[in-house]
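For reference, the chains in residue letters:
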Amino acid sequence: MEGPAMIQRTGIDKVLSGGSTGTTVTIYGWVRTSRSGKNVAFAALNDGSSVQNLQVVFDREAFGDESLAGLQAGACVCVTGTVVESSGEQAVELAARSLQVVGPVDTDFPLQKKRHGLDFLRTMPHLRSRTNTFGAVFRMSHHLSLAIHRFFDTEGFYHIHTPIITESDCEGAGETFRVTTLPAGCADFDQDYFRRKSFLSVSGQLEAEPFALSLGKVYTFGPTFRADPSDTRTHAAEFWMIEPEMAFYDLDDNIALIERFVKFCASYLSEKCAADIAFFSEHYEKGLGDRYRTLEEGFARVSYTEAISILGSTSGVFSSVPSWGDDLATEHERYLAEKHFGRPVFVTDYPASMKPFYMFMNPDGKTVAACDLLVPGVGEIVGGSQREHRLPVLTDRAVAQGLDLSVYSWYLELRRWGTAPHAGFGLGFERLLMYLSGMENIRDVIPFPRTFGKMY
RNA sequence: GCCUCGUUAGCUCAGUCGGUAGAGCGGGUGGCUGUUAACCACUAGGUCGGAGGUUCAAGUCCUUCACGAGGCGCCA
């Protein structure tokens, strides 16, 4: 019996990494550009394994014009040939012996070899990953995901899959999407699939806490859904969030972990995605190298109260100057991260009135043990806190915020049966990816973005 | 939801004071060349986002709608 006819191919990254000169390889890839000379024709192939293209050289006499006409931008081709040293800019190239057009392109193929605008590419999420930019984005996205799992594994965390369909509709996190099988217009929730109202999760935190109070240190990393009408470059309706939750952690432990975590991700990407980072640095964010260098130094830390004081003594810069008890506006957050500190900064101990019921009430009775991490260029990427583990305080705050205690009964029980100090945070995966790539719009770091009013 | 800007060839964009449509790239044809977003020449390609209005005349001015981008609020 014959074995399966598996496709044999070599990745372009492997050919370019050297050591294969003189060998015969078969490459599958998409044509980025092609041009022809009197005796030879050239095509630049990309197969997604690298931001670099492989230059393939064809002998015009051997292949003929009809055959080479298939080398149009966008076509998928298979080339077998010999890896040789190049006389041009690149170290090696492929001297072709055979060419097969696997997938030709119609002439209205929208991607061209010149640079396209990101807006335009957003309208074709099924094609934009064939560009240098989006190839780099999604290679980096992969490595960032792996970095996250590796970090928490090394730190002794367990990965928990918290539910995507939940019962609690609000934790101060945002608006929810309803999940239902009822016909349109029907509001008889007893007849609904779960025999009650249900929602897509806006956070896995509440479900992660029980596992922190049993396994010690856990994290969730999964899709999160927010129905907020937020139409900005940093908001998406569907995004991925990393939410660690740790028993026997206070606010200081929490902050130290966040800093360690972000630094690990940066150094991991520096090692795994050097070529892609260089690409972003050259074409998108000139200061990306500096950004990575600052990440090797310490983050700044201020309390909310100190931040208000800093902003108050900075005159003539802001459209409004906040006083104690006001939210920090985007212009204030940007000033702190980009101008005043010039690096990532933790803002801690916010007024209790501004934060959700589950955050730990500080001894001053006015502030809670919260920490937001603000980074230059993106803004807030982390929101975290020590959790309130004292039942009476927690109950009082839940009632004060008008929550239905019956929905949170099991959450409250955790404080009656073996409660323990604990802390955690939520980090937006795509915002971290924006920060580490220099991409400025969250729609450009999500494969098929879903944002307010738009499903690309 | 509010504010600002934008929408002209497949793509990127120019279009002056209101006078009837332009370039580069891409497509096609030819030339030249171990090229590097190759180059050179020729060629095809447009209901100037839609509707209405002002005017002798609207890509240009006004109204309105649609779509897109940025900012704000909220958050990750």
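Structure first, text after, so check above.
Notes on the structure in this doc start here. (Residues numbered from 1 in each chain as written. Chains lettered and ligands numbered in written order. Predicted model: local features only at pLDDT ≥ 70, side-chain atom pairs only at ≥ 80, totals over all residues. Heavy atoms only, no water.)

### Description of the protein's contact with RNA strand B
Stage number 1. Neighbouring RNA strand B are 51 residues, the closest being Glu93, Lys113, Lys114, Ile381 and Arg431.
Stage number 2. The sugar-phosphate backbone supplies 49% of the atoms of RNA strand B found within 4 Å of the protein.
Stage number 3. Within the backbone of Ser36, a nitrogen or oxygen atom sits 3.1 Å from a base nitrogen of RNA strand B.
Stage number 4. Between Lys38 and RNA strand B, the recorded distance is 3.0 Å, taken from a backbone N or O atom to a base oxygen.
Stage number 5. Of all the elements, strand β15 (residues 379-386) adds the most residues to the surface near RNA strand B, at 4 residues. (Near = heavy atom within 4 Å. Polar contact = N/O pair within 3.5 Å; in protein donor to acceptor, adjacent residues only side chain to side chain. Helix = DSSP H or I, 4+ residues; strand = E, 2+ residues; numbered from the N terminus.)

### Quick notes on the packing of aromatic side chains
Stage number 1. Taken as a whole and assessed by the stated rule, the structure comprises 24 aromatic pairs.
Stage number 2. Three or more aromatic residues link up through ring pairs in this structure, and these residues are Phe151, Phe152, Phe157, Tyr219, Phe261, Phe264, Tyr268 and Phe425.
Stage number 3. Looking at Lys355, its charged tip hangs above the ring of Tyr350, at a distance of 4.3 Å from the centre. (Phe/Tyr/Trp six-rings, centres within 6.5 Å; stacked < 30°, edge-to-face > 60°. Lys NZ or Arg CZ within 6 Å of the ring centre and 35° of its normal.)

### Topic: the pattern of salt bridges
Stage number 1. If you walk through the whole model with that rule in mind, you get 19 salt bridges.
Stage number 2. For Asp231, the salt bridge goes to Lys454, with nearest N and O atoms at 4.0 Å. Of the two residues, Asp231 is situated in the loop between β10 (217-225) and β11 (238-247) and Lys454 in strand β18 (residues 454-455); the sequence distance between them amounts to 223 residues.
Stage number 3. The exposure class assigned to Asp231 is partly exposed, which follows from its relative accessible area of 45%. (Salt bridge = Lys/Arg side-chain N within 4 Å of Asp/Glu carboxyl O. Buried < 20%, exposed > 50% of the residue type's maximum accessible area, 1.4 Å probe, protein only.)

### Concerning the state of the cysteines
Stage number 1. Enumeration over the complete set of coordinates arrives at 0 disulfides.
Stage number 2. Among the cysteines around Cys76, which has no disulfide bond, Cys78 carries the closest sulfur, lying 8.3 Å off.
Stage number 3. With no disulfide of its own, Cys265 has Cys273 as its nearest cysteine by sulfur position, at a separation of 11 Å.
Stage number 4. A residue is classified by how much of its surface remains accessible, and Cys265, at 0% relative accessible area, is buried. (Disulfide = S-S within 2.5 Å.)

### A word on the sheet that holds strand β13 (residues 345-348)
In a beta sheet, neighbouring strands pair by backbone hydrogen bonds and run either parallel or antiparallel.
Stage number 1. Strand order across the open sheet formed by 8 strands is β6-β10-β11-β16-β15-β14-β13-β12, with mixed pairing between neighbours. The two strands at the open ends of the sheet, each matched to only one other strand, are β6 (158-159) and β12 (300-303).
Stage number 2. Relative to β10, β6 runs parallel, the two being bridged by 2 bridges. Paired with His159 across the strands is Tyr219, a residue of β10.
Stage number 3. Lying on the sheet, helix α5 (residues 132-154) is in contact with β6, β10 and β11; it crosses β10 at an angle near 155°.
Stage number 4. Of the strands in this sheet, β11, β12, β13, β14 (370-375), β15 and β16 (422-428) touch helix α7 (residues 251-272), which is tilted by about 30° from β16. (Pairing = 2+ DSSP bridges. Contact = heavy atoms within 4.5 Å. Axes fitted to C-alpha atoms, helices over the stretch in contact; angles between N-to-C directions.)

### A look at the sheet that holds strand β1 (residues 24-36)
Stage number 1. Around the barrel, which closes on itself, the 5 strands sit in the order β1-β2-β3-β5-β4 with mixed pairing between neighbours. Here the average twist between neighbouring strands, direction ignored, is 55°.

### Overview of the side chain of Arg122
Stage number 1. One can find Arg122 in helix α4 (residues 118-122).
Stage number 2. A relative accessible area of 11% places Arg122 in the buried class.
Stage number 3. Separated by 2.7 Å, the side chains of Arg122 and Asp444 make a polar contact.
Stage number 4. Ignoring anything within four residues of it in the chain, the contact list for Arg122 reads Arg128, Asn441, Arg443, Asp444 and Tyr456.

### A closer look at the nonpolar core
Stage number 1. Judged by nonpolar contacts, the single largest core of 58 residues is most densely connected at Leu144, Ile148, Phe261, Val262, Leu269, Leu373 and Leu436.
Stage number 2. Ranked by residues supplied to this core, first place goes to α7 with 10 residues.
Stage number 3. For Leu373, the residues in contact, after removing those within four places along its chain, are Ile258, Val262, Phe299, Pro344, Val345, Phe346, Gly379, Glu380, Ile381 and Val382. (Core = buried A, V, L, I, M, F, W, Y, C linked by side-chain atoms within 4.5 Å.)

### Considering the pairing of strand β4 (residues 76-85)
Stage number 1. For β4, a buried count of 8 out of 10 residues is recorded, marking the element as mostly surrounded by other parts of the structure.
Stage number 2. Here 7 bridges tie β1 to β4, and the two strands are oriented antiparallel to one another. If you follow Gly29 over to β4, its bridge partner there is Val77.
Stage number 3. With 10 bridges connecting them, β4 and strand β5 (residues 92-103) associate as antiparallel partners. Considered in β5, the bridge of Cys78 is made with Gln100.
Stage number 4. Hairpin geometry of β4 and β5 is characterised by an intervening segment of 6 residues between the two adjacent antiparallel strands.

### Re α7
Stage number 1. If you check α7, its first and last C-alpha atoms are 32 Å apart, about what 22 residues at 1.5 Å a residue would give, namely 32 Å.
Stage number 2. N-capping of α7 is provided by Asp250, with a side-chain oxygen placed 3.1 Å from the backbone N of Asp252. (Expected span 1.5 Å × (residues − 1).)

### Here's the deal with the environment of Asp153
Stage number 1. Its location among the elements puts Asp153 in helix α5.
Stage number 2. In sequence terms Asp153 and Tyr219 are 66 residues apart; their C-alpha atoms lie 9.9 Å from each other.

### Describing the environment of Phe279
Stage number 1. As for its position among the elements, Phe279 is in helix α8 (residues 274-283).
Stage number 2. By relative accessible area, which is 12% here, Phe279 ends up buried.
Stage number 3. Along the sequence, Phe279 and Ala136 sit 143 residues apart, while their C-alpha atoms lie 7.9 Å from each other.
Stage number 4. When sequence neighbours within four positions are dropped, the list of residues in contact with Phe279 reads Val51, Asn132, Thr133, Ala136 and Tyr284.

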